[in-house]
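Spelled out, the chains give:
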Amino acid sequence: MQLGLVASCAQPEPVQLGFIGELSGRGADMGLEARNGAVLAVEEQNQTGGVDGRSLNLLIEDDGRHPETARQAFNRLRSKGVVAILGPTSSAIARVLVPQANETALLLMGITVAPNELTEADDYFFSALSSTKIYARRNAQYVLQHLNARRLSIAYDRGEQAFTRSWTEDFSRHIADQGGEVLTTVPFDSSNATGFSNVARQLLTPRPDGVVLVAKSVDTALLAKSLRTLNPDIPISTTEWGGTERLIKLGGRYVEGMLVAQLLQRDSSAPYFLAFQEAYRERFGDLPGFAATTGYNATRVLIEGLKARRSGEHLKDTLLRIGTFRGLQAPLAFDRFGNATTKSYPTLVRQGRFVPLE
Amino acid sequence: MTQPRSLLSQLFFQILMVGLIPLLLVSGVAALLVGPALKEMVSAQQHNVVTAISGKVDAYLSDAARDLEMLGTLIQSRDYKADPLLTRTLDIHATQRSLYEAVYLLDANGMVAAAGLPQARHEQRANLVGMDLSANNFVRVAREYNRPVWSDTFLSITSGQLSVALAIPLKNYTLVGEVGIETLSELLSEIRRESGLEVMAVDSKGHIVAHPDVDQAIQKLNLGHLEPVQTAAEEGSAVTADITLNGNERLAIATPLHSINWVLMASQPLELINQPLRLAAWIMLAGIGISMLFALTIGAQVARRLAWRIRTYSQHARDIAAGRREHRWPVSKVTEFRELAANLQRMSDQLYRHEQQVQASERSYRELIEDVEDLVVRVDPEGRFTFVNHASRHIFGLEPGQCLGLSAFDFIHPGDRESTEQAFNNWLHFGKTHFSFENRIMRRDGEVCHVSWSIRVHQNGDEEVVDMVAIGRDITHQVKAQEALKEREKRYRALVQQSPLAIIEWNLDFEVAEWNRAAERIFGYGREEMLGQSAEVLAAPEQRTEQKTAWQQLLASTGGTRQEWVNLNQDGVSLTCVWYSRPLIDEDLQVSGAISLVEDITEHKAVEQKLAASEAQFSTLFHASPVPMTVVRGARGESLLDCNSAWEKMFGADARLALGPAENTAGIWIGSADREAVWQALTTQGTLEGFEAELQSRRGACRCEISGRRIEMGGDVCYLITAVDLSEQLRQKAQIKHLNATLEERVKKRTQELEETLARLRHTQAELIQSEKLAALGGMVAGIAHELNTPIGNGMMAATTLADETSRLVEQFQAQQLKRSTLEHYVEDAQTSSDILVRNLVKASDLISSFKQVAADQTSQQRRHFNLDALIEEIITTLRPQLKRTPYKVVTDLHTDLIMDSYPGPLGQALTNLISNAHTHGLEGRDQGVITVTTRQSAPDRVEIDVSDDGRGVPAEHRERLFDPFFTTRMGRGGSGLGLHIVHNLVTQVMGGQVELVNRPVPGATFRLQIPVTAPQHPGDSDTTAP
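Residues numbered from 1 in each chain as written. Chains lettered and ligands numbered in written order. Predicted model: local features only at pLDDT ≥ 70, side-chain atom pairs only at ≥ 80, totals over all residues. Heavy atoms only, no water.

A closer look at the domain arrangement of chain B
And step 1. Segmentation of chain B into domains returns domain 1 (43–241), domain 2 (372–481), domain 3 (499–607), domain 4 (625–725), domain 5 (736–860) and domain 6 (863–1012).
And step 2. Taken over C-alpha atoms, the centre of domain 1 of chain B sits 101 Å from the centre of domain 6 of chain B. (Domains from an automatic or database assignment.)

What follows is the structure, encoded as structure tokens:
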């Protein structure tokens, strides 16, 4: 009957799950991918009946990389009764939100962010990635091994200091330990107004064997252009952070031969990953990058935690109890501080593709 | 059957239905028709809006495309290569026409050759010029197909806004214009404010590119999975469908754009569309409520008036039935009610006339009944008299008038009351309306009267009893006569039935007419079974003809007969019976049948036969006896009554002469003195046992043993005499005597052989004991070695470390680089190392000394003074390494603190054996177990040592042989069977004590050693030494 006078539904309340990420602005490509990964994981879970018969509802918030916006988003999600929040996707925002998460004992599952100082504390911040330190060390090895460069210049994004500064320091220490040398480090602002040619010139002044860029994809592309314009053969390396699809679209020939550490094995033939890749393309029209994969993994971890949670148990304790989760490409093992141990893979850009080296 | 309902409620219900049903039908139709129509209307409205917007968007984008194409034509017409004017031209386009955020000119390689930017963003130019955009698909496609191509949406690197770009291929260049599309979102936002419609634009990949909330557009949410978006993009036409967006059900319409590969989708919550429907539903509900209210007020009033009128007519009808003739009919204007009143009046008159006729008929009927002899009564359903005729005086002892109103059942004799009531209930239950019976009536003066009743029950249409009419006749005289007759017959029947002899009455055909209980008992046939059966049934087949003849003769005779016949009972067993029979003569002196009295004498006959058989058997026994036997009569056995075949065989065929019947004949006697002695004994004492005498047998003189008894047979004194030949017995005695004489010699020889075997066994045993000891020692050495490994290994490690540290110190000292902190560090390390060294060496030394003690003791059998408890602790310490690998524990409970003068070695060996015995036998295969060693001083000069385990214990069948040498339950699995034997030897022979297995109520086994504090002296004991 269409009158709908007594249309009260007997369906149980959905489980509310929050997402905070950088969905607008210069670096939004990573946040959007991470969001897409989370959306896909939630939709898939709901198709198989949700968690304990309750469907999942993903509440998405954009932090726009503004601390205040992020804080408000956090409070909004909390007032809607979310069981945990996925995100954020940048270190600067993580620094703002982690104290809030600890105060309210609300689990924060960082997606593409793992600054050192947050990953070594027993708090309510989890991360689906290993800490910056570990990636910095691996990048140092890749640079020494594959770029054949020992004397290096480094440019890093001043706006993401929480991540880029400590990364640069850890990286430099490892290079020095291995007998290399960091000649100069040049901070820059991620802005349209920045003169990237100036930055490039500063980097090349001490005549390095190679340049390392700790920047998001758009800035990496612009810097690569400026560097290669001045010195077409200079070897360049960039971090996992800069290695998104947008790097190739904006960088074109300037990023050819660039060493890019990747958190994702793009040519993986793991069936679980292939199925995910296909579902992702079907749903979003693109191939998933590392942020999408990590977003998906992080969401799966929360879903598994919710499924296994005992009554009265905090979700954080559930995740620590389970410890190891199936990831799309490799298992995610969380340490006692809630950091996953994940792998990274060195790639070279060849003919507009990331080609694995190992 | 349905529950009857009052007219009022029935009328009320019907009126209510008439009001409600049309309303409900209208509601249903409305719900079915109005909903879809409404939805269609909304859909049409959406379509209009979407078409309008798509026109606007198309115009906007075509405008932008046209503008860029014009710029392209301009650039192509001049050769702008490296012309500063080119950049300015591009800048003008990016600034003046607010359509473009930026304009790029790409060279043949897809690299930015020039970039036009609004005034405010000129500083970005340096970053942009030289960028390689060839990796972007839309640029490549535009060049390859030489046509303008729109890109997917992206975040502009110049403005940070959501943008799309158009690539137009020129001769050597590609012109790219970046168009901000946030204005589109603003447009959609306005539309939502005005119409409530939510319209979104979705690009070819399904990403939202424009949304009433600008944020949502920037976030590139993907709606590609929504069905109308997919279908619209594929089919190129507008599609309407229900969708779920953010958990809301919405009605959506999607339509593709012409200028770009996008889809516009407008949607509205279903909730909003359904609102008018809900309003209609509320109106319907209100209608239903009102119609119910009308039914409750007006309907109820109408129904009540109608019901009142019907009740009035019903009251008059009741009056007519009650016989009232005067009626005041209510005045009514309704024709039907008037006719009803007239008809009821006519019915009343007719009823009155009928009543008069019935009363006359009843009177004449009553007179008839009063004249009848029999009692005539009528009772109501409760059993009370409503009419009684004059016969009540005779039968009830009351006047008819006195009976009225009394209960008919009160007159029934108390003995018949219950059965009569039951019979009545039964008849009525089965619907009988006519029945007869007899019972007793108790008159008021106490006399009992037998009455035969005939009853007629009257029922109404519903089969309920209205009244009953009964006619009763006094039959007391007949009943009493019958009772007397029955009594007599009963007595005669008892006489016949209880007779101890079978009594059978026959008819003229000799068929059974009567058959009493004795006959049943004898022949086994029941009375009912035999009545009418022929006499032949009882006759044995061989006598059947004979008995038939006898029966025929019996009928002709006047007196009776006595015959002994063989008969068959029911089981076919033959019986011997005596039959006393005679014909029955009736009052007319005619033979009407016959009677037989029968006695079963089968048993009597059988006893007689048994006696005869027993006699024959006895005679057979006598004759078959192997002992020569004879029976004689007379004071000196003058006449021989009988003798058996053994006697004849021994003393000759003419047995009569055997005992010498005459004085002068010797008979069998060789010496006459013997004969005299035998007769003397028999005649005076009546018995003779084993008298030996020489008798003359057929084989010659032989020595015989004579026995005799005086017996009485048939009043005569007789003697039973036996004579047994002793010759064979004498021969055997001689042979045994010879055997006894040679026995001693044979025993001596056997003993010698056994002694040799024993010596060999002792030797083997000693060897085995030795090897067992060695095996135990070997096990212990392995254990000790294992145990020593740890402390010595630790010591070794500490020593090596110390040596290394020292040499490093020396090096630094020699190089004069020794720092104070290094020295302090060394001293600390050296202390730690030496501590470890000392501790481990002490441990090793302890182990070695206790092992030495035990090993020496066990192999030397040295006698010395020692502390018992300390010794036991030592022994257990040496055993621990072996036991450590097992899950079992050894605990001690030592209470003596006593200095013993004994053999510590053997004691240790004994305890070691007992503990390892407990662990291999008592606890084997268990997950855990405790072996307990306790000591106690049981007497001033004795100690008691218990070794117990809580294992499976010793089976009862093994207890006896436990300490025997070579006794083992583990044969073939490493058990030599000497362990406990060694314990026994050591305890008893060396220490002078005892060992036993103690019975305890708890599970497990306990071996108890009782040892003197001072052991007995043995040869070769060395001087005792203090420990």
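Regarding the packing of helix α7 (residues 196–204) of chain A against helix α8 (residues 217–230) of chain A
Residues and elements named next belong to chain A.
And step 1. α8 packs onto α7 with a crossing angle of 60° between their chain directions and a minimal axis gap of 8 Å. Taken together, the axes of α7 and α8 are oblique relative to one another. Crossing hand, α7 versus α8: right-handed. Residues F196, S197, V199, A200, R201, L203 and L204 of α7 form the contact with α8, whose own contacting residues are D219, L222, L223, S226, L227 and L230. (Axes fitted to C-alpha atoms, helices over the stretch in contact; angles between N-to-C directions. Helix = DSSP H or I, 4+ residues; strand = E, 2+ residues; numbered from the N terminus. Parallel < 35°, antiparallel > 145°, perpendicular 65-115°, else oblique. Left-handed = near helix turned anticlockwise from the far one by under 90°. Contact = heavy atoms within 4.5 Å.)

So, the domain arrangement of chain A
All names here are of chain A.
And step 1. You can read the domains of chain A as domain 1 (15–129 + 269–341) and domain 2 (133–262).
And step 2. A C-alpha centroid distance of 28 Å is found between domain 1 and domain 2.
And step 3. With 17 residues of domain 1 at the contact, the number on the domain 2 side is 22 residues.
And step 4. In total, about 1600 Å² of surface goes out of reach between domain 1 and domain 2, with carbon and sulfur atoms giving 45% of it.
And step 5. Of the charged contacts, one joins E160 and R65 as a salt bridge, the two residues approaching to 3.3 Å between their closest N and O atoms.
And step 6. Across the domain 1-domain 2 interface, the total number found is six residue pairs in polar contact (both at pLDDT 80 or more).
And step 7. Within the residue set of the side of domain 1 that touches domain 2, elements represented by two or more residues are α1 (28–47), α3 (91–104) and α4 (116–119).
And step 8. Classifying every residue of the side of domain 1 that touches domain 2 gives five nonpolar, five polar and seven charged. (Buried area = accessible area lost by both parts, 1.4 Å probe. Salt bridge = Lys/Arg side-chain N within 4 Å of Asp/Glu carboxyl O. Polar contact = N/O pair within 3.5 Å; in protein donor to acceptor, adjacent residues only side chain to side chain. Nonpolar A, V, L, I, M, F, W, Y, C, P; charged D, E, K, R; others polar.)

A word on the environment of B:D445
Residues and elements named next belong to chain B.
And step 1. Structurally, D445 is set in the loop between β14 (434–442) and β15 (448–459).
And step 2. Sequence-wise, D445 and L406 are 39 residues apart; in three dimensions their C-alpha atoms are separated by 16 Å.
And step 3. A distance of 3.0 Å separates the side chain of D445 from the side chain of R443, its partner in a polar contact.
And step 4. Reaching out from D445, the side chain makes a polar contact with the backbone nitrogen of E447 at a distance of 3.1 Å.

Let's talk about the interface of chain A and chain B
And step 1. At the junction of the two partners, chain A supplies 35 residues and chain B supplies 35 residues.
And step 2. Interface of chain A and chain B: buried area, both sides summed, is about 2900 Å²; carbon and sulfur atoms make up 52% of it.
And step 3. Our enumeration of links across chain A and chain B arrives at two salt bridges.
And step 4. Summed over the shared surface of chain A and chain B, the number is 14 residue pairs in polar contact (both at pLDDT 80 or more).
And step 5. Of all the elements in the fold, those that place two or more residues in the side of chain A that touches chain B are α1, β2 (56–62), α7, α8, α9 (245–251) and α10 (271–284) of chain A.
And step 6. Top contributing element to the side of chain A that touches chain B by residue count: α9(A), with five residues.
And step 7. Across the side of chain A that touches chain B, the residue classes tally to 14 nonpolar, eleven polar and ten charged.

Thoughts on the nonpolar core
And step 1. A:L86, A:F171, B:L175 and B:W262 are the most contacted members of the largest nonpolar core, which totals 111 residues.
And step 2. For this core, the leading source of residues is helix α1 (residues 7–77) of chain B, giving ten residues.
And step 3. Sequence-distant contacts of A:F171, defined by excluding residues within four places in its chain, comprise A:A136, A:N139, A:A140, A:V143, A:L152, A:I154 and A:V212.
And step 4. Counting residues in hydrophobic clusters, the runner-up holds 46 residues, among them A:V211, A:I248, B:V139 and B:I157. (Core = buried A, V, L, I, M, F, W, Y, C linked by side-chain atoms within 4.5 Å. Buried < 20%, exposed > 50% of the residue type's maximum accessible area, 1.4 Å probe, protein only.)

Digging into unusual backbone geometry
All names here are of chain A.
And step 1. That bond from G87 to P88 is cis: its omega, 5°, falls within 30 degrees of zero.
And step 2. Within the secondary structure, P88 sits in the loop between β3 (84–86) and α3.
And step 3. With a phi close to 55°, D52 is a non-glycine residue in the positive phi region.
And step 4. In this structure, D52 sits in the loop between α1 and β2.

Some points on the packing of aromatic side chains
And step 1. If you walk through the whole model with that rule in mind, you get 28 aromatic pairs over all chains.
And step 2. Both rings, one in A:W167 and one in A:F171, keep their centres 4.9 Å apart while their planes meet at 10°; by these two values the pair is stacked. Highlighted residues: A:W167 and A:F171, both in helix α6 (residues 161–177), separated by four residues, approximately one helical turn.
And step 3. Looking at A:W167, the relative accessible area reads 1%, which means it is buried.
And step 4. Relative to B:F396, the ring of B:F385 has its centre 5.5 Å away and its plane inclined at 45°; by these criteria the two rings are tilted. Here B:F385 is found in strand β13 (residues 385–388), whereas its partner B:F396 is found in the loop between α11 (392–395) and α12 (400–403), with eleven residues between them in sequence. In terms of burial, B:F385 and B:F396 fall into one category: buried.
And step 5. Taken together, B:W506, B:F510, B:W515, B:F523, B:W551, B:W565 and B:W579 form an aromatic cluster joined through their ring pairs.
And step 6. Lying across the ring of A:Y272, A:R326 places its NZ or CZ 3.5 Å from the centre.
And step 7. The cationic tip of B:R309 hangs over the ring face of B:F337; the distance from NZ or CZ to the ring centre is 5.1 Å. (Phe/Tyr/Trp six-rings, centres within 6.5 Å; stacked < 30°, edge-to-face > 60°. Lys NZ or Arg CZ within 6 Å of the ring centre and 35° of its normal.)

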